[in-house]
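# An overview of the molecular structure
Here's the letter readout for the chains.
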Amino acid sequence: MEANIQQSALEGVGPNFDPQQLMTVRDKTRQAISLIAAAMQPGMLEEEAVELAKDILAERGMLRGWHDVYVRFGRNTLKTFGAASDPGVRLGEDDIFFIDIGPVWKQWEGDGGDSFVTGSDPEMAGCAADARAIFHEVRRKWASEGCSGRELYRFAEDCAAGRGWTLNLDLSGHRLADFPHAAIHEGPLAEVDFTPARMLWVLEIHIRHPSRPFGAFFEDMLLEDACFAE
């Protein structure tokens, strides 16, 4: 009973909640990430990249973001959410970067992130690919077994370790809703003791190389396989 009461409180929605609009914003968010990634060029300063990302989002009608726009290059891909990047980092010819955006279109929130590489460093390419792969492993466990948020992130730690990475639990999922979700719940998915509902939660995977100064990030809504079909 207590878990049901907690779930009801944490999964409440506001008067503007609209599943169709949330999915539309999700599509816009993923498209914006692709456009931003395509605009990144070796030699670019990270600070320049962030401003370019903001311009691309503004051109696509983003009125505001519920969090800052993050484009992290190289060693800054180790940084956790909200941490300031080391200044003056340029994207290398053989490098890794990730994008993390939380745009708001009208009154609906989007949130998404993905990692990309320049050049052909195999460990960097593997890190970016594994962040996506771990996301889907964890998501499918949620879909098939109805695990709690806490159980999902214990599983995510095992998935990351099995692939040779360290999982950053400071980035461990959160609510998403009609803006602002923080009015309902700000805590991490990793501390939720019930099965999170589809569409209302974002699953985040941030992994780090055990010895080299880089990591990778991927995030999207908790949704079933059909929503990720190519």
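Look up a bit, the structure's there.
So, here is what we can say about the structure in this document. (Residues numbered from 1 in each chain as written. Predicted model: local features only at pLDDT ≥ 70, side-chain atom pairs only at ≥ 80, totals over all residues. Heavy atoms only, no water.)

### A look at the packing of aromatic side chains
The geometry of an aromatic ring pair is captured by the separation of the ring centres together with the interplanar angle, meaning the angle of the planes. Tallied over the entire structure, the rule returns 7 aromatic pairs. Seen from their ring centres, Phe98 and Phe217 are 5.3 Å apart, and the 45° between their planes marks the pair as tilted. Here Phe98 is found in strand 3 (residues 96-101), whereas its partner Phe217 is found in strand 10 (residues 215-221), with 119 residues between them in sequence. On the accessibility criterion, Phe98 (3% relative accessible area) is buried. Members of the aromatic cluster, connected to one another through ring pairs, are Phe73, Phe97 and Phe116. Directly above the ring of Phe155 sits Lys141, whose terminal nitrogen or CZ lies 4.7 Å from the centroid. When the ring centre of Trp201 is taken as reference, the NZ or CZ atom of Arg175 above it lies at 6.0 Å. (Phe/Tyr/Trp six-rings, centres within 6.5 Å; stacked < 30°, edge-to-face > 60°. Helix = DSSP H or I, 4+ residues; strand = E, 2+ residues; numbered from the N terminus. Buried < 20%, exposed > 50% of the residue type's maximum accessible area, 1.4 Å probe, protein only. Lys NZ or Arg CZ within 6 Å of the ring centre and 35° of its normal.)

### A word on helix 4 (residues 122-145)
Along an α-helix, residues three or four apart share an orientation, since each turn contains 3.6 residues. With 24 residues, helix 4 extends 33 Å between its outermost C-alpha atoms, agreeing within 8% with the 34 Å of an ideal straight helix rising 1.5 Å per residue. Met124, Cys127, Ala128, Asp130, Ala131, Ile134, Phe135, His136, Val138, Arg139, Lys141 and Trp142 are the residues of helix 4 that are buried. Tucked into the core, helix 4 has its buried residues touching strand 3, strand 6 (112-117), helix 5 (149-162), strand 9 (201-208) and strand 10. The distance from a side-chain oxygen at the start of helix 4 to the backbone nitrogen of Glu123 is 3.0 Å, and the residue carrying that oxygen is Asp121. Positive phi shows up at Gly146, right after helix 4, with a value of about 65°. (Expected span 1.5 Å × (residues − 1). Contact = heavy atoms within 4.5 Å. Polar contact = N/O pair within 3.5 Å; in protein donor to acceptor, adjacent residues only side chain to side chain.)

### Section: the nonpolar core
Ranked by size, the top nonpolar core spans 62 residues in total, and within it Ile36, Met40, Val71, Phe73 and Ile207 carry the most contacts. Those elements giving two or more residues to this core turn out to be helix 2 (19-39), helix 3 (46-59), strand 2 (70-73), strand 3, helix 4, helix 5, strand 9 and strand 10. Residue contributions to this core peak at 8 residues, all from helix 4. What Val71 contacts, discounting residues up to four positions off in sequence, is Ile36, Met40, Glu46, Ala49, Val50, Ala53, Phe98 and Ile99. (Core = buried A, V, L, I, M, F, W, Y, C linked by side-chain atoms within 4.5 Å.)

### Comments concerning the pattern of salt bridges
Applying the stated rule across the entire model yields 15 salt bridges. One salt bridge connects Asp114 with Arg132, and the closest N-O pair in it is separated by 2.8 Å. Here the residue Asp114 occupies a position in strand 6, and Arg132 occupies one in helix 4, the gap between them amounting to 18 residues. According to the relative accessible area criterion, Asp114 is buried, its value standing at 10%. When its relative accessible area of 27% is taken as the criterion, Arg132 is described as partly exposed. For Arg163, the salt bridge identified is with Glu137, shortest N-O distance 2.4 Å. Here the residue Arg163 occupies a position in the loop between helix 5 and strand 7 (166-167), and Glu137 occupies one in helix 4, the gap between them amounting to 26 residues. Via salt bridges that share partners, Arg26, Arg30 and Asp220 belong to a single interconnected network. (Salt bridge = Lys/Arg side-chain N within 4 Å of Asp/Glu carboxyl O.)

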